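One letter stands for each residue in the lines below.
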Amino acid sequence: AADLRRMKEILDKHPELAGLEGFIPSTLYPGLAKNDFITLANGSFIVTHGTIIRSAPGASAAAELKAWGRSGCSGHTHRLTRYYQRDHFTVKVWLECGHLALNPPHYHKVNKPTAENWQQGVVLVYTEGNQFHAEDIPFTLHYRAMLHGRRYQG
């Protein structure tokens, strides 16, 4: 809910982004539970909340890809990263989406403060038939991002 509110604030500031098909907060994840998923590209790409957390960026994506057996993205880890897997027939990709929260939590191991490795951003997926192209769009400090050659700030 907080991410959808944040996305609505971004869309209010940048109405040109609202024209992207499917980039409408009310239709993105209506009631999506952790184990549910949305299919895109005739089922060749899925979007899910995600349930697997690993300690390093990319490791959660690798585990989600193994669990689902097809390409997709999840956001549970709040890291922006991607993982590819190639077999004899195809290349699969899993993207860990970033998040839109204003204040990501700070995690510290007991007596070992560590740098936060959360990367904020979004994933944009283009589809045509059963084909897809997924791009990750990282946010720099102060929610700055570049999309289609234009700079945005949320």
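This text gives an overview of the structure that appears in the document. (Residues numbered from 1 in each chain as written. Predicted model: local features only at pLDDT ≥ 70, side-chain atom pairs only at ≥ 80, totals over all residues. Heavy atoms only, no water.)

**Things to note about unusual backbone geometry**
At Ala 41, a position not held by glycine, the phi torsion is positive, near 50 degrees. Assignment of secondary structure puts Ala 41 in the loop between strand S1 (37–40) and strand S2 (45–48). One non-glycine residue, Asn 42, adopts positive backbone phi at about 55 degrees. (Helix = DSSP H or I, 4+ residues; strand = E, 2+ residues; numbered from the N terminus.)

**Observations concerning the nonpolar core**
By size, the foremost hydrophobic cluster in this structure holds nine residues: Phe 45, Val 47, Cys 73, Leu 80, Val 93, Leu 95, Cys 97, Val 123 and Ala 134. Contributions of two or more residues to this core are made by S2 and strand S5 (91–96). Non-local contacts of Ala 134, meaning those with residues more than four positions away in its chain, are made with Phe 45, Arg 82, Leu 95, Val 123, Leu 124 and Val 125. Val 122, Ile 137, Ala 145 and Tyr 152 belong to the second-largest nonpolar core, a separate cluster that totals seven residues. (Core = buried A, V, L, I, M, F, W, Y, C linked by side-chain atoms within 4.5 Å. Buried < 20%, exposed > 50% of the residue type's maximum accessible area, 1.4 Å probe, protein only. Contact = heavy atoms within 4.5 Å.)

**With respect to the sheet that holds S1**
If you trace the five strands from one edge of the open sheet to the other, you get S1-S2-S3-S5-S4, paired in mixed fashion. In this open sheet, the two strands that pair with only one neighbour each are S1 and strand S4 (81–86). Averaged over neighbouring strand pairs, the angle between their axes works out to 15 degrees when direction is ignored. Two elements, S4 and S5, share six bridges in a ladder whose sense is antiparallel. Paired with Arg 82 across the two strands is Leu 95, which belongs to S5. The sheet contacts of helix H3 (residues 59–68) involve S1, S2, strand S3 (71–74), S4 and S5, and relative to S5 the element is tilted by about 130 degrees. (Pairing = 2+ DSSP bridges. Axes fitted to C-alpha atoms, helices over the stretch in contact; angles between N-to-C directions.)

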